[in-house]
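# Coordinate inspection notes
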Amino acid sequence: GENVEQHPSTLSVQEGDSAVIKCTYSDSASNYFPWYKQELGKGPQLIIDIRSNVGEKKDQRIAVTLNKTAKHFSLHITETQPEDSAVYFCAARKYNTDKLIFGTGTRLQVFP
Amino acid sequence: EPEVTQTPSHQVTQMGQEVILRCVPISNHLYFYWYRQILGQKVEFLVSFYNNEISEKSEIFDDQFSVERPDGSNFTLKIRSTKLEDSAMYFCASGGRMNTEAFFGQGTRLTVV
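Let me sum up the structure you'll find in this document. (Residues numbered from 1 in each chain as written. Chains lettered and ligands numbered in written order. Predicted model: local features only at pLDDT ≥ 70, side-chain atom pairs only at ≥ 80, totals over all residues. Heavy atoms only, no water.)

### Side note on the pattern of salt bridges
Formally: Definition used for salt bridges: Asp or Glu carboxyl oxygen within 4 Å of a side-chain nitrogen of Lys or Arg. Per-residue accessibility, obtained with a 1.4 Å probe over protein chains only, is compared with the maximum for each type, and a residue is labelled buried under 20%, exposed over 50%, and partly exposed between these values.
Within the structure shown, the criterion is met by six salt bridges over all chains. One salt bridge in this structure joins Arg36(B) and Glu44(B), with 3.2 Å as the shortest N-O distance. Accessibility expressed as a relative area gives 10% for Arg36(B), which makes it buried. You can call Glu44(B) partly exposed: its relative accessible area is 24%. Within the structure, one salt-bridge network assembled from shared partners comprises Glu2(A), Asp27(A), Lys94(A) and Lys99(A).

### Section: the pairing of strand E5 (residues 43-50) of chain B
The side chains of a regular strand alternate, first on one face of the sheet and then on the other. Residues and elements named next belong to chain B. Filter applied, for reference: Think of it this way: any DSSP run of H or I at least four residues long counts as a helix, any run of E at least two long counts as a strand, and we number them from the N terminus. For two strands to be treated as a pair, DSSP must find no fewer than two bridges joining them.
For E5, the tally of buried residues reaches six of eight residues, placing the bulk of the element in the interior. Pairing between strand E4 (residues 31-37) and E5: seven bridges, direction antiparallel. Of the residues in E5, the one forming a bridge with Trp34 is Val47. Connecting E4 to the next strand, E5, in antiparallel fashion are five residues, including Gly40 with a positive phi near 80 degrees. Bridge analysis of E5 against strand E6 (residues 53-57) gives four bridges, and the strand direction is antiparallel. Of the residues in E6, the one forming a bridge with Phe49 is Ile54. In textbook terms, the turn of a hairpin is the stretch between consecutive antiparallel strands, and for E5 and E6 this stretch comprises two residues, one of which, Asn51, has a positive phi near 55 degrees.

### Thoughts on the environment of Thr5(B)
Residues and elements named next belong to chain B. To keep things clear, this is the line we draw: Contact definition: two residues touch when any of their heavy atoms are within 4.5 Å.
Its place among the elements puts Thr5 in strand E1 (residues 5-7). Given a relative accessible area of 33%, Thr5 falls into the partly exposed group. With 101 residues separating them in the primary sequence, Thr5 and Gln106 have C-alpha atoms 6.8 Å apart. Leave out the neighbours within four places in its chain, and Thr5 touches Arg22, Cys23, Val24 and Gln106.

Structure representation (structure tokens):
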């Protein structure tokens, strides 16, 4: 069935360093890949997304890359700040459905 | 900035009781969703709703669950007879068009005792 694997489960970085979170998906029909940031006690907040017709998308310090052949996509955060600390979820969705399949989450801690 | 709002933020209920979780989606959105997140686990899809009917549901969404958009602004999730394993965070989400981004509410923590 559909599955999204996410690594690592926890990630600690020094402020100013980069952080990379990786996901793989099983269903080759997936064509939409959002990333959500979840702070304690809040709902998932969309931070960036990418569709299967592009390989990379950037928004200030955040970028997402997609390798359709390998069914991998990654979130890159540069110049991390303490306020980037949160749980990050990747997700995937097929073209003919509204259902998002979420990864297991990565707890990112940025130390000052 | 428009947002999805959910009430209550926390609901405690006895096993076997009915609960209704409420959501007000973003006002011009047409697609509505419920997801749940059991503590420490991934976010799981429950159901999607469009044009006043369920468009897709997961195997979690059995006969104990139902959804409704009673008045054109609220979107509700009803659990008829709660079980201990229904304890989770329930997130409502909405989207403007099919296959576009979904925006999530802050969640309702349901605790079944």
